[in-house]
Amino acid sequence: MNDKNACYTVRRNRLLVMFGERCRTCGDTQDLEFAHQRRTDCVGMGRGYANRVRDVERRPEAYTLLCSRCHDLLDNRPVRKRQSEIIRDPVRLAHA
Ligand SMILES: [Zn+2]
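Positions within a chain are numbered from 1, following the residues in the order the chain's sequence is written. Selection of residues for local features in this predicted model requires a pLDDT of at least 70, selection of side-chain atom pairs for listing and counting requires 80 or more, and totals for whole chains, interfaces and linings are taken over all residues.

1. A look at the overall build of the protein
We apply this condition: For the purposes of this entry, the term helix denotes a DSSP run of H or I that reaches at least four residues, the term strand denotes a run of E that reaches at least two, and both are numbered from the N terminus.
The helix and strand inventory of the protein stands at 5 helices and 2 strands. Secondary structure elements of the protein, listed N to C terminal, follow the sequence α-β-α-β-α-α-α.

Structure (structure tokens):
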């Protein structure tokens with residue numbers, strides 16, 4: 001990680017605190033992501049990590065904080081496997 005990304009990590013953490021550090025839907029405190037509540041210009045390809053952080057800072061009212069599972073459900077995507085579940089669930093992984 002270079003200095004620029006480290007800087008964005010600090011800024012992202014500040015935003016997480018501002019949003020309450022938990023999923024707005026289920027209250028989970030892990031795998032948190034900023035999800036669009038309504039459309040901003042920061043959509044589609046090319047929206048990198050730094051761009052997302054900047055966009056949330058600029059328009060916090062356009063975002064909500066969700067865990068990866070609730071975010072996937074909201075966006076109608078297949079729910080991603082969580083890192084914590086992969087470690088906790090070696091049996092299911094073996095049969096995947
Ligand atoms: Zn959630």
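2. A word on unusual backbone geometry
Stated formally: Exposed residues have 12 or fewer other C-beta atoms within 10 Å of their own C-beta, buried residues have 20 or more, and partly exposed residues fall in between, where C-beta atoms are placed from the backbone.
For Glu21, which is not glycine, the phi dihedral falls at a positive 60°. Along the chain, Glu21 falls in the loop between α1 (3-18) and β1 (32-36). Judged by local crowding, Glu21 falls into the exposed class, with 12 C-beta atoms found within 10 Å. Here Asp31, not a glycine, exhibits a phi torsion of approximately 55°, which is positive. Tracing the backbone shows Asp31 in the loop between α1 and β1. Judged by the 17 C-beta atoms lying within 10 Å of it, Asp31 falls in the partly exposed class.

3. Brief notes about the environment of Ala62
Note that Ala62 resides in the loop between α2 (49-58) and β2 (63-67). Taking the number of C-beta atoms within 10 Å as the measure of exposure, Ala62 has 17 and is therefore partly exposed.

4. Focus: the nonpolar core
Worth spelling out the cut-off: Nonpolar cores are identified as sets of buried Ala, Val, Leu, Ile, Met, Phe, Trp, Tyr and Cys residues joined via C-beta atoms within 7 Å. Throughout, a pair of residues is in contact if the C-beta atoms placed from their backbones lie within 7 Å.
Cys23, Leu32, Phe34, Ala35, Val53, Val56, Tyr63, Leu65, Leu66, Cys67 and Cys70 together form the largest nonpolar core, which totals 11 residues. At the level of secondary structure, the elements contributing two or more residues to this core comprise β1, α2 and β2. Looking at which element gives the most residues to this core, the answer is β2, with 4 residues. When neighbours within four sequence positions are excluded, Cys70 is seen to be in contact with Cys23, Thr25 and Cys26.

5. Topic: the pairing of β2
The condition is simple: By the convention used here, strands pair only if DSSP detects at least 2 bridges between them.
Of all 5 residues making up β2, 4 are buried, and the element is well covered by its neighbours. One ladder, built from 5 bridges, connects β1 with β2; its direction is antiparallel. Bridge pairing in β2 links His36 to Tyr63.

6. What to know about the confidence of the model for the protein
Our working rule: Every residue is assigned a pLDDT by the predictor, reflecting its confidence on a scale from 0 to 100.
Averaged over every residue, the pLDDT of the protein is 81; the share at 70 or more is 72%. Confidence, expressed as mean pLDDT per element, reaches its minimum in the protein at helix α5 (residues 90-94) with 53 and its maximum at β2 with 95.

7. Describing the environment of Cys7
Looking at where Cys7 falls in the secondary structure, it is placed in helix α1. Separated by 43 residues in the primary sequence, Cys7 and Ala50 have C-alpha atoms spaced 9.4 Å apart.

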